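Secondary and tertiary structure notes
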Amino acid sequence: MPVIELLFPNRCLECTKVISGGAAICQNCFDQLHFTHHRYGQSNELTEKCRLLFPVEEAFALMHFEKESASQKIVHQLKYGGREKLGALMAQWISASIEFGNNPPDLLTTVPLHPRKQRQRGYNQLHVFGDELSRLWQIPCDHALIKRNIYKKAQALKGREQRNVNEELFSVTKPLQHRHVLLIDDVFTTGNTMSAVAWQILKSGNNKVSVLVMAMD
Ligand SMILES: [Zn+2]
């Protein structure tokens with residue numbers, strides 16, 4: 001065992017048991033993760049939630065997001081704990097469970113952070129995740145396709161700001177026509193962010209949108 005692992009052994013995010021280097025959680029905690037088992041090409045609760053907000057081709061989530069659970073800890077460590085590589089691990093879990101049928105996406109993209117937020121955090125928690133999916137699926141991933149224009153959260157805006165927010169929150173940065181874009185985010189809660197991005201993609205040309213998230217509420 002390398003000295004560094006003796007000094008700082010890798011521990012399970014959930015139960016803190018010592019585990020091997022590349023892993024995030026122990027087998028016991030992994031077995032307790034609440035995977036959705038969504039199938040691409042089959043309607044599910046996420047497809048239905050999305051359809052209330054925008055026309056969506058396919059939608060799937062890897063896990064159910066439960067408070068105080070291992071799924072929450074994984075996403076939290078990925079976003080705020082600097083553990084960007086957890087994204088690659090989740091990408092591997094997803095790619096093992098998803099098979100594209102006859103309606104595959106031809107472009108992956110990630111929901112962007114505002115540049116100021118990304119500088120503060122040091123990274124966008126979706127980039128390693130998206131890049132690993134791109135590598136596994138052999139589908140290009142463009143992190144720069146969408147730009148976030150407003151720093152504040154939509155909920156924090158007032159009055160006239162809020163009325164126009166879905167128009168102005170995001171924009172598409174380059175010509176986009178006849179593409180099937182798989183839009184990637186971490187957690188689906190209200191769907192407001194997804195919807196704002198999806199409408200920009202749909203409006204910019206004759207495009208289709210599918211959705212992939214790590215976890216859904
Ligand atoms: Zn554990």
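Residues numbered from 1 in each chain as written. Predicted model: local features only at pLDDT ≥ 70, side-chain atom pairs only at ≥ 80, totals over all residues. Heavy atoms only, no water.

1. Quick notes on the confidence of the model for the protein
The criterion, for reference: On a scale of 0 to 100, pLDDT captures the predictor's confidence in every residue. The helix and strand labels rest on DSSP assignments: H or I over at least four residues marks a helix, E over at least two residues marks a strand, and numbering proceeds from the N terminus.
The predicted model of the protein averages 89 in pLDDT, with 89% of residues at 70 or higher. At the low end of the mean pLDDT range in the protein sits helix α8 (residues 159–163), at 58; at the high end sits strand β2 (residues 107–110), at 98.

2. Some thoughts on the packing of aromatic side chains
This is how the line gets drawn: For Phe, Tyr and Trp, rings pair up if their centres lie within 6.5 Å, where Trp contributes its six-membered ring, and each pair is then called stacked (planes under 30 degrees apart), edge-to-face (over 60) or tilted (otherwise). Each residue is assigned to one of three classes by its accessible area relative to the maximum for its type, calculated with a 1.4 Å probe on protein chains only: buried under 20%, partly exposed between the two thresholds, exposed over 50%.
On inspection of all chains with the given rule, the structure shows six aromatic pairs. Considering the side-chain rings of Y40 and F60, the 5.5 Å spacing of their centres and the 75° angle between planes classify their relative orientation as edge-to-face. Pair noted here: Y40 is in the loop between α2 (27–31) and α3 (45–51) and F60 is in strand β1 (residues 59–64), with a separation of 20 residues, a long-range link. Taken individually, Y40 and F60 each receive the classification buried, so the pair is uniform in this respect. Taking the centre distance of 4.8 Å and the plane angle of 85° together, the rings of Y40 and F100 count as edge-to-face. Here Y40 is found in the loop between α2 and α3, whereas its partner F100 is found in the loop between α5 (86–97) and β2, with 60 residues between them in sequence. Judged by relative accessible area, which is 10%, Y40 ranks as buried. Residue classification places F100 among the partly exposed positions, given a relative accessible area of 21%. Aromatic rings pair up to connect Y40, F60, F100 and W137 into one cluster.

3. A word on the environment of K73
Operational definition: Contacts were defined at the residue level, with two residues in contact if any of their heavy atoms lie within 4.5 Å.
The topology assignment puts K73 in helix α4 (residues 70–80). With residues near it in sequence (within four places) discarded, K73 still touches L13 and E14.

4. A closer look at the coordination of the zinc ion
Selection criterion: In this listing, donors mean N, O and S atoms no farther than 2.8 Å from the metal, or 3.2 Å for Na, K and Ca; water is missing from the atoms, so a site can look incomplete. By the criteria applied here, four donors are tetrahedral when all angles lie between 85 and 135 degrees, four are square planar and six octahedral when opposite donors are over 155 degrees apart and every other angle lies between 65 and 115, and any other arrangement is irregular.
Donor atoms from the polypeptide that coordinate the zinc ion comprise C12 (SG), C15 (SG), C26 (SG) and C29 (SG), at 2.3 to 2.4 Å from the metal. For the zinc ion, the four donor atoms in the first shell make angles of 101 to 118° at the metal, a pattern classed as tetrahedral. Each donor residue of the zinc ion belongs to the same chain, with the gaps between them written as C-x2-C-x10-C-x2-C. Linking C12 in the loop between α1 (3–7) and α2 with C26 in the loop between α1 and α2, this pair joins segments that are 14 residues apart in sequence. For the pair C12 and C26, one class covers both residues: buried.

5. Some words on the sheet that holds strand β5 (residues 180–188)
The following threshold applies: The criterion for strand pairing is that DSSP finds at least two bridges linking the strands in question. Lines are fitted to the C-alpha atoms to define the axes, a helix being fitted only along its stretch in contact, and any angle between axes, read from their N-to-C directions, falls within 0 to 180 degrees.
Taken in spatial order, the four strands of this open sheet run β1-β6-β5-β2, and their pairing is parallel. Each end of this open sheet is capped by a strand with a single partner; those strands are β1 and β2. The mean inter-strand angle of the sheet, taken between neighbouring strand axes irrespective of direction, is 20°. Note that β2 and β5 share four bridges and pair parallel. The partner of T110 across the bridge, within β5, is I184. Most of the contacts of α4 go to β5, to which it runs at about 105°, and overall it touches β1, β5 and β6 (208–216). Relative to the sheet, α5 contacts β1 and β6, its axis offset from that of β1 by approximately 120°.

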